[in-house]
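Residues per chain, in single letters:
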Amino acid sequence: MTTTTTTITQEEQNNKHVTNDQTQQEIDQTAKMQAINVNVWFGQKHVLKSVNLTVKPNTVTAIIGPSGCGKSTFLRCFNRMHELAPNAKMTGKILLDCEDIYERKIDPVQIRRRVGMVFQKPNPFPTMSIYDNVAAGLKLTGTKNGKHLDDIVKRSLEQATLWDEVHEDLKKPGTSISGGQQQRLCIARAIALQPEVILMDEPCSALDPIATAKIEKLIIELKRNYAVVIVTHNMQQASRISDYTAFMYMGELIEFGETRQLFENPKVKLTENYITGAFG
Amino acid sequence: MKSPNKQQQIQKTTKSKVTGDNIFKILTTIIATSALIILLITGYTLVKGSIPVVQNFGVNFFFGQQWNPVEGREIYGILPYILGTLTTSGVALLIGVPLSLGIAIFLVEMAPKSLRVPISYIIELLAAVPSVIYGLWGLRVLRGWMVTYIETPLSKYLGWIPIFSGNPQGLDIFTAGVILAIMIIPTIASLSKEVLTAVPNSIREGAYSIGATKWEVTKRWVLSYGKSGIFAAIILGLGRAIGETMAVTMLIGNATGPSAMPTSLFQSGQTMASLIANGFTEATAGSLKYSTYLGVGLTLLIMSLVINVGAHLIMTRVFKVKGGAIEQ
Ligand SMILES: Nc1ncnc2c1ncn2[C@@H]1O[C@H](COP(=O)(O)OP(=O)(O)OP(=O)(O)O)[C@@H](O)[C@H]1O
Ligand SMILES: [Mg+2]
């Protein structure tokens, strides 16, 4: 008896999901990126459950939620980085300019050039100079050393507000600078490829408050040229820098909306509990 | 007034720590010194023992090719064996290094865990096989393969190139080099595997995130990061190849005199190690021949030391002084 009831509930839930998906499955022409009905498994573990999200151009979208709820996993779907995990499986669509980046004909390498990424722990390349850290991506596509490359490196470092601090040390290893500078170097490295979207996974969690403030300012600057998606544990940070916020919980997207509205007037009880610190 | 107090305190704390460290320091110093002393005693014995032969033949001992043990007309030149050692080791590295790196890269960057663990284990097991067993296998199996599948076709079609000339019999420099390659693969592959495993994943992810392909990540990031470690692994393999005795003795054909000059790969040769293994026990203590073997031993020891010291210098000067920044 009990089993039957469970099955029914399960089915009902599934139905609910389906209807839910159908309402959201329309392609949003104004979105820079759009996740449609994304599910991810690691082995048997169902980590993301039918997640939908739109990322508008020239905005900062924050993803918040308790540890282990799938924020990083979700973010890594946007540039196909999750494919590097050997046991990961995904269904659903991620659109970039209304085109599914998981289509068979599409090369993940191309996607990663268009959708840059900054990681939680600054990870500049230790075997490369500061200059080469920024230039590495362009060198992969055959850009040769020279004035053109110098210009791009300079512009990227300037945009990452790092140029003034390192322009005399461009030959030094990328790991020879402070943590905050390293993180801005990583941002410069992503910018150098002139991507369309920049994904950031808790980019400030390894940094002190001053370095954090610099990066936050930088993120707001970046929005002029790129769409930014940022995962953060810090709700003040999310409310300070983002235009839209998504709240995730146990692999589901609970609420998504304008940051102001979500923080001041959440529609879902769970969101309210989370942002008021009732659990976490 | 305050600062001296503070300093004293600091000194006190460091002092108590230093005593703890001291015991460890003394122990390690003793061990390190005794290793050095053993090396020095060995060196001294070899130097002392080889004085007669060097006095007798001068530089011709090192640069001569003749080998005549007939009493009264004795003449000993060891150039063929020095070159034999270098050639067989060179062949071993040429074949062994790419294979070892290929294995290491495959295991770390490509193979699923279900393959990685058993293959790594088998490779490490190969390092434990006694060299005489490699020699036996070489005689019974490898020699035949070499003659049939490699040496005969090579000499048939490329025989006009000096190093492939001659009539392949299988007991030659090439076969010895191949068995050495097989013997150094476990060393180089398993050490390189450790080196590649130690490359932080964050580096790979960073590289992927700027649109590098798997091959580019391996070549430009992983191998570049592991460069010095891989270099060290190769030097260890080279050390093993230079000193390896038993398997080489069984397969190299053991030529002496000018015919042992490694002019062709398909020719019997001799390495310094195999020369000593073949003849030392038959030489009477105090004879010129006896002194010759000690001289060969000394040369081999010096060669090994030079390679190790040289490698050390390269590691510190080339790989480290630049602070890890390697221009691409
Ligand atoms: N490579 C992997 N293999 C197996 N399980 C994984 C893998 N990566 C993540 N997971 C699991 O997926 C779930 C979501 O992980 P994820 O890293 O996305 O969480 P998160 O929200 O980013 O957490 P945090 O805030 O702690 O970074 C976790 O339960 C985690 O254990
Ligand atoms: Mg995370």
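Residues numbered from 1 in each chain as written. Chains lettered and ligands numbered in written order. Predicted model: local features only at pLDDT ≥ 70, side-chain atom pairs only at ≥ 80, totals over all residues. Heavy atoms only, no water.

## Brief notes about helix α7 (residues 201–209) of chain B
Inference 1: Taking burial as the measure, the 9 residues of α7(B) include 7 buried ones, the bulk of the element.
Inference 2: Within α7(B), burial applies to I203(B), R204(B), E205(B), G206(B), A207(B), Y208(B) and S209(B). (Buried < 20%, exposed > 50% of the residue type's maximum accessible area, 1.4 Å probe, protein only. Helix = DSSP H or I, 4+ residues; strand = E, 2+ residues; numbered from the N terminus.)

## Overview of the pattern of salt bridges
Residue and element names in this part refer to chain A.
Inference 1: The full count for this structure, using the stated rule, is 22 salt bridges over all chains.
Inference 2: Here R240 makes a salt bridge to E216, at a shortest N to O gap of 2.7 Å. With R240 in helix α9 (residues 235–241) and E216 in helix α8 (residues 209–222), the pair connects residues that are 24 residues apart, well separated along the chain.
Inference 3: Salt bridges linked by common partners bring K32, D97, R114 and E196 together as one network. (Salt bridge = Lys/Arg side-chain N within 4 Å of Asp/Glu carboxyl O.)

## Some remarks on the domain arrangement of chain B
All names here are of chain B.
Inference 1: Per the domain assignment, the segments making up chain B are domain 1 (4–57) and domain 2 (67–326).
Inference 2: Distance between the C-alpha centres of domain 1 and domain 2: 32 Å.
Inference 3: The interface is formed by 10 residues belonging to domain 1 together with 12 residues belonging to domain 2.
Inference 4: For the pairing of domain 1 and domain 2, the buried interface totals around 890 Å² over both sides, and the portion due to carbon and sulfur atoms is 81%.
Inference 5: Where domain 1 packs against domain 2, one counts 0 salt bridges.
Inference 6: For the side of domain 1 that touches domain 2, the residue count by class is 6 nonpolar, 4 polar and no charged. (Domains from an automatic or database assignment. Contact = heavy atoms within 4.5 Å. Buried area = accessible area lost by both parts, 1.4 Å probe. Nonpolar A, V, L, I, M, F, W, Y, C, P; charged D, E, K, R; others polar.)

## Notes on the nonpolar core
Taken as a class, soluble globular proteins show a tendency for nonpolar side chains to be buried jointly.
Inference 1: Among the nonpolar cores identified, the biggest contains 122 residues, and F74(A), I94(A), L157(A) and W221(B) are the most heavily contacted of them.
Inference 2: At 12 residues, helix α6 (residues 173–197) of chain B tops the list of elements feeding residues into this core.
Inference 3: Apart from residues lying up to four places away in sequence, L157(A) is in contact with V134(A), L162(A), W163(A), V166(A), L170(A), L185(A) and A188(A).
Inference 4: Counting 21 residues, the second largest nonpolar core, distinct from the first, contains V53(B), Y76(B), V296(B) and L300(B). (Core = buried A, V, L, I, M, F, W, Y, C linked by side-chain atoms within 4.5 Å.)

## A word on the layout of surface pockets
Inference 1: Size it by volume and the largest pocket reaches roughly 780 Å³.
Inference 2: In terms of lining residues, the largest pocket is bounded by 22 residues, among which L84(A), P86(A), V108(B), E109(B) and R116(B) are the most central.
Inference 3: Of all the elements in the fold, those that place two or more residues in the lining of the largest pocket are α3 (79–110), α4 (113–127), α6 and α7 of chain B.
Inference 4: Considering every element that reaches the lining of the largest pocket, the biggest residue donor is α7(B), with 4 residues.
Inference 5: Of the residues that constitute the lining of the largest pocket, the class distribution is 9 nonpolar, 3 polar and 10 charged. (1 Å grid on protein atoms, 1.4 Å probe; cavity = no way out; pocket = protein on both sides within 12 Å on 5 of 7 lines; lining within 4 Å. Points joined across faces, edges and corners; volume = space filled by probe spheres on them.)

## As for the site of ligand 1
Residue and element names in this part refer to chain A.
Inference 1: In the neighbourhood of ligand 1, 14 residues make up the surrounding shell, with K45, S67, K71, S72 and T73 lying closest.
Inference 2: Within the side chain of E202, a nitrogen or oxygen atom sits 3.4 Å from an oxygen atom of ligand 1.
Inference 3: Considered on its own, ligand 1 offers 630 Å² of accessible surface; in the complex 65% of this is hidden by protein.
Inference 4: Put simply, the parts of the chain that give the shell around ligand 1 at least two residues each are β2 (45–55) and α2 (71–77). (Near = heavy atom within 4 Å. Polar contact = N/O pair within 3.5 Å; in protein donor to acceptor, adjacent residues only side chain to side chain. Areas by Shrake-Rupley, 256 points an atom, 1.4 Å probe, with all protein chains shown as cover.)

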